[in-house]
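As a plain string of letters, each chain reads:
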Amino acid sequence: MDNLEAQTYETFEKDTVKYAQYKKAVHAALLDRVPEEKASTTITVLMVVGAGRGPLVRASLQAAEESGRKLRVYAVEKNPNAVVTLHVAGERLPPIEPTPRARSRIECLEGDINDKDPYTNLESLIKLEGWEGIVTVVSSDMRQWVAPEKADILVSELLGSFGDNELSPECLDGAQRFLKEDGISIPSSYTSFIEPITASRLYNDVKSHKDIAHFETAYVVKLHSIARLAPPQPVFTFTHPNFSPKRDNRRYKKLLFELPADTGSALVHGFAGYFDATLYKDIHLGIEPSTATPNMFSWFAIFFPLRKPIYLPAGSVLDVHFWRCIGATKVWYEWSVTSPSVSPIHNCGGRSYWVGL
């Protein structure tokens, strides 16, 4: 999988809104899991998979303290850059201001893991907070680690801008073997969404590369100067844990978008993608515009371009096809339009854009 998990903690670890939602979810799960009369004697086993530099560990332990429940935590992280930082001695953690890397050109988010940054030191955090004996750091791929016990709660933040585009389904399918049969996954489900957009600037940026590969690549981007042509529709949904013996993370969806008659005709340059996740019961987070979590900045939208803009007459219907494909070593998306005109299938076989397993 290369270093895919790095994206989960390179993005804005100081997004207090995101971690407040996670803390609420863990808090609610602990109250449901352990009745008040057993709170002083029951220890709940919680595993953070893809722990990065520790923000979910902190949120979970704060939830335990506020709920009056006891935890034993395993923080599992496989990224070699993060593994270094997890075991380096450090000093008191300074506050870090979020630095969103929004740019005028379309680019994937970038970030550096600074091994000298004290905030990256989870061991130091454990000592500072007095969590010795409560938190165990595990330097391992969650899909390969042999856990010493089963977890009551499995917590992760492996979501990408399109929900499943950073291999959350594959990672959590591998990790759920740690979970008790009645265990809780946070998040419990997530759904991707797309909407057709007019985005001439984005399209021209892609076109400037003068090759097909860039038209068959999805871009994480802060959207601006676009026209949203129809409300977003759900594409793919994943639920965790998924103990089905026929578990399959491949997906296909056909979507029909109707352009309102009063908006006139339009050019479709591609599709904006989002996600919405249920963390636990009614506690959610996401970036789908109609339900987006206010003041959360950890994710931007994702943009799937079309090689040739599609002309959409007023009141017409746009037929869109999306696939999530899985091979022996990679996962990729394919997309096409079949009405009112036909586009090629973009990214056939993952030839231009994929995520390595």
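Use the structure listed above.
Residues numbered from 1 in each chain as written. Predicted model: local features only at pLDDT ≥ 70, side-chain atom pairs only at ≥ 80, totals over all residues. Heavy atoms only, no water.

Q: Looking at this model, I keep getting lost on the overall build of the chain. Mind explaining?
A: Counting secondary structure elements, the chain contains eight helices and 16 strands. Put simply, of all contacts in the chain between residues at least 6 apart along the chain, 80% involve residues at least 24 apart. In the structure as shown, the chain presents an accessible area of about 15,500 Å², 52% of it carried by carbon and sulfur atoms. (Helix = DSSP H or I, 4+ residues; strand = E, 2+ residues; numbered from the N terminus. Contact = heavy atoms within 4.5 Å. Areas by Shrake-Rupley, 256 points an atom, 1.4 Å probe, with all protein chains shown as cover.)

Q: What's the story with the packing of aromatic side chains in this structure? I'm lost.
A: Geometry of an aromatic ring pair is reported as the spacing of the ring centres plus the angle between the planes. Per the stated rule, a full pass over the model turns up 15 aromatic pairs. Here Phe275 and Trp299 contribute two aromatic rings whose centre-to-centre distance is 5.0 Å and whose plane-to-plane angle is 75°, an arrangement assigned as edge-to-face. One end of the pair, Phe275, is in strand S11 (residues 266-280); the other, Trp299, is in the loop between strand S12 (283-286) and strand S13 (301-312), and 24 residues separate them in sequence. Following the ring pairs from residue to residue traces out a cluster consisting of Phe162, Phe271, Phe304, Phe322, Tyr333 and Trp335. Just above the ring of Trp299 sits the side chain of Lys18; from NZ or CZ to the centre is 5.1 Å. Stacked on the ring of Trp354, the Lys or Arg Lys330 has its end atom at 5.0 Å from the ring centre. (Phe/Tyr/Trp six-rings, centres within 6.5 Å; stacked < 30°, edge-to-face > 60°. Lys NZ or Arg CZ within 6 Å of the ring centre and 35° of its normal.)

Q: Would you mind going over the pattern of salt bridges with me for this structure?
A: Side chains carrying opposite charge are able to pair once their charged atoms draw close together. In the structure shown here, the tally under the stated rule is 16 salt bridges. Residue Arg33 is joined to Asp152 by a salt bridge in which the shortest nitrogen-to-oxygen separation is 3.1 Å. Of this pair, Arg33 sits in helix H2 (residues 16-33) while Asp152 sits in strand S4 (residues 151-156), and the two are 119 residues apart along the sequence. For Asp152, a relative accessible area of 7% gives the class buried. Its salt-bridge partner being Arg247, residue Asp173 comes within 3.3 Å of it at the nearest N-O pair. Separated by 74 residues along the polypeptide, Asp173 in helix H6 (residues 168-175) and Arg247 in the loop between strand S9 (233-239) and strand S10 (251-258) bring together distant segments of the chain. In this structure Asp173 comes out as buried when scored by relative accessible area, which is 11%. (Salt bridge = Lys/Arg side-chain N within 4 Å of Asp/Glu carboxyl O. Buried < 20%, exposed > 50% of the residue type's maximum accessible area, 1.4 Å probe, protein only.)

Q: Is there a simple way to explain the sheet that holds S10 in this structure?
A: Strand pairs in the sheet, formed through backbone hydrogen bonds, run parallel or antiparallel to each other. Overall, antiparallel pairing links the four strands, which are arranged S10-S14-S15-S16 in an open sheet. The sheet terminates laterally at S10 and strand S16 (355-356), the two strands that pair on one side only. The pairing of S10 with strand S14 (residues 317-326) spans eight bridges and is classified as antiparallel. Pairing of Glu258 across the sheet is with Val317, part of S14. (Pairing = 2+ DSSP bridges.)

Q: What exactly am I supposed to notice about the environment of His346 here?
A: By secondary structure assignment, the location of His346 is in the loop between strand S15 (330-339) and S16. The residues touching His346, leaving out its near neighbours within four places in the chain, are Phe215, Glu216, Pro305, Leu306, Arg307, Tyr333, Glu334 and Trp335. At 2.8 Å, the side chain of His346 forms a polar contact with the backbone nitrogen of Arg307. At 3.0 Å, the side chain of His346 forms a polar contact with the backbone oxygen of Pro344. (Polar contact = N/O pair within 3.5 Å; in protein donor to acceptor, adjacent residues only side chain to side chain.)

Q: Sorry if this is basic, but what is going on with the state of the cysteines here?
A: As used here, a disulfide is simply a covalent bond connecting the sulfur atoms of two cysteines. This model, assessed by the stated rule, comprises zero disulfides. Between Cys348, a cysteine without a disulfide, and Cys325, which holds the nearest cysteine sulfur, the sulfur-to-sulfur distance is 8.9 Å. On the basis of relative accessible area, Cys348 is assigned to the partly exposed category, the value being 32%. (Disulfide = S-S within 2.5 Å.)

Q: Can you help me understand unusual backbone geometry in this one?
A: Among all residues except glycine, the phi angle is most often negative; among peptide bonds, the trans geometry is most common. For the bond from His240 to Pro241, the omega torsion is -5°, close enough to zero to count as cis. In this fold, Pro241 is placed in the loop between S9 and S10. With an omega of 10°, the peptide bond between Ser339 and Pro340 qualifies as cis. Residue position: Pro340 is located in the loop between S15 and S16. In this structure, Ser225 is a non-glycine residue whose phi angle is positive, near 55°. Structurally, Ser225 can be placed in the loop between strand S7 (219-221) and strand S8 (227-228). At Asn347, a residue that is not glycine, the phi angle is positive and equals roughly 65°. Among the structural elements, Asn347 can be located in the loop between S15 and S16. What makes Asn347 buried here is its relative accessible area of 0%.

Q: Would you explain the packing of H2 against helix H3 (residues 55-67) in this entry?
A: Helix packing geometry: the angle between the two helix axes and the distance between the axes. With their axes 8 Å apart at the nearest point, H2 and H3 run at an angle of 45° to one another. Considered as vectors, H2 and H3 are oriented oblique to each other. For the pair H2 and H3, the crossing hand works out as right-handed. Across the interface between the two elements, Tyr19, Tyr22, Lys23, Val26, His27, Leu30 and Leu31 from H2 touch Pro55, Leu56, Ala59, Ser60, Gln62, Ala63, Ala64, Glu66 and Ser67 from H3. Broken down by class, the residue content of the contact of H2 with H3 amounts to 10 nonpolar, four polar and two charged. (Axes fitted to C-alpha atoms, helices over the stretch in contact; angles between N-to-C directions. Parallel < 35°, antiparallel > 145°, perpendicular 65-115°, else oblique. Left-handed = near helix turned anticlockwise from the far one by under 90°. Nonpolar A, V, L, I, M, F, W, Y, C, P; charged D, E, K, R; others polar.)

Q: Explain the pairing of S14 to me, please; I cannot follow it from the model alone.
A: Within a regular strand, side chains alternate between the sheet's two faces. For S14, a buried count of seven out of 10 residues is recorded, marking the element as mostly surrounded by other parts of the structure. Sheet analysis places S14 next to S15, joined by eight bridges and oriented antiparallel. Along S15, the bridge assignment pairs Ile326 with Val331. Connecting S14 to the next strand, S15, in antiparallel fashion are three residues.

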